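# Examination of the molecular architecture
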Amino acid sequence: MNAESPSPSFYSVLDESALTDNSMEIVEVQGRRIALIKRFGKIYALDNTCPHLGGSLGRGTLKGVAVICPLHHWTFDLATGGVVEGVPDEGVAVYEVKVENGKIWVNYPSLT
Ligand code: FES
């Protein structure tokens, strides 16, 4: 694998017990802010920064399996990061999540 091809790495970001159902936390991985969201018992990880004008998705509200940006209410699917309401093609990145040893881990791509 060369330097231009990201290799996935899991980072421990939070105690599992710190994220209750239907709540959100903002964590930082490799200098990037990620919204960690537990919804209907499943944990999702999305880029925290709204692609519209930089709203903090981790400070948004939940609607179904989506998060609504607190600034202008664009809405993003938690599983895919795709736009539910807002300008199409402006979705956010989502990351694989696993729970192990009481910790939440996020698979964040690394360039190393
Ligand atoms: S900054 Fe998120 S909708 Fe405008």
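Fair warning: this is a prediction, and the values are worked out from it, not measured in the lab.

Cut-offs used in this document
- Residues numbered from 1 in each chain as written.
- Predicted model: local features only at pLDDT ≥ 70, side-chain atom pairs only at ≥ 80, totals over all residues.
- Buried ≥ 20, exposed ≤ 12 C-beta atoms within 10 Å, placed from the backbone.
- Helix = DSSP H or I, 4+ residues; strand = E, 2+ residues; numbered from the N terminus.
- Contact = placed C-beta atoms within 7 Å.
- Pairing = 2+ DSSP bridges.
- Axes fitted to C-alpha atoms, helices over the stretch in contact; angles between N-to-C directions.

## Some points on unusual backbone geometry
Here His-73, not a glycine, exhibits a phi torsion of approximately 70 degrees, which is positive. Look at His-73 and you get partly exposed, because 14 C-beta atoms sit within 10 Å. Positive phi is not limited to glycine here, since Asn-101 has a value of about 55 degrees. On the secondary structure map, Asn-101 appears in the loop between strand E10 (97-100) and strand E11 (103-110).

## Notes on the environment of Trp-74
With respect to the element layout, Trp-74 can be found in the loop between strand E6 (66-68) and strand E7 (75-77). The class of Trp-74 is buried, set by 23 C-beta atoms lying within 10 Å. As a C-alpha pair, Trp-74 and Cys-50 span 24 residues in sequence and 8.3 Å in three-dimensional space. The contact partners of Trp-74, leaving out residues within four places of it in the chain, are Cys-50, His-52, Cys-69, Val-83, Glu-85 and Gly-86.

## Re the sheet that holds strand E8 (residues 83-85)
In space, the four strands of this open sheet follow the order E5-E6-E7-E8, with antiparallel pairing throughout. Each of the sheet's edge strands pairs with one partner strand only, and the pair in question is strand E5 (61-63) and E8. Between one strand and the next, the sheet's axes are offset by a mean angle of 35 degrees, whatever the strand orientation.

## Structural notes on the pairing of strand E4 (residues 42-47)
In terms of strand pairing, strand E3 (residues 32-39) meets E4 through six bridges, oriented antiparallel. Bridge pairing links Arg-39 to Lys-42 in E4. Hairpin connection, E3 to E4: the antiparallel pair is bridged by two residues, and Phe-40 has positive phi, about 55 degrees. Where E4 and strand E9 (residues 94-95) come together, two bridges link them in antiparallel fashion. Looking at the pairing, Leu-46 lines up with Val-94 of E9.

## Here we look at the sheet that holds E4
Taken together, four strands build an open sheet; the order of strands is E2-E3-E4-E9 and the sheet is antiparallel. Strand pairing shows two members of the sheet lacking a second neighbour, strand E2 (23-29) and E9, which therefore form its edges. Relative to E3, E2 runs antiparallel, the two sharing seven bridges. Bridge pairing links Glu-28 to Arg-33 in E3.

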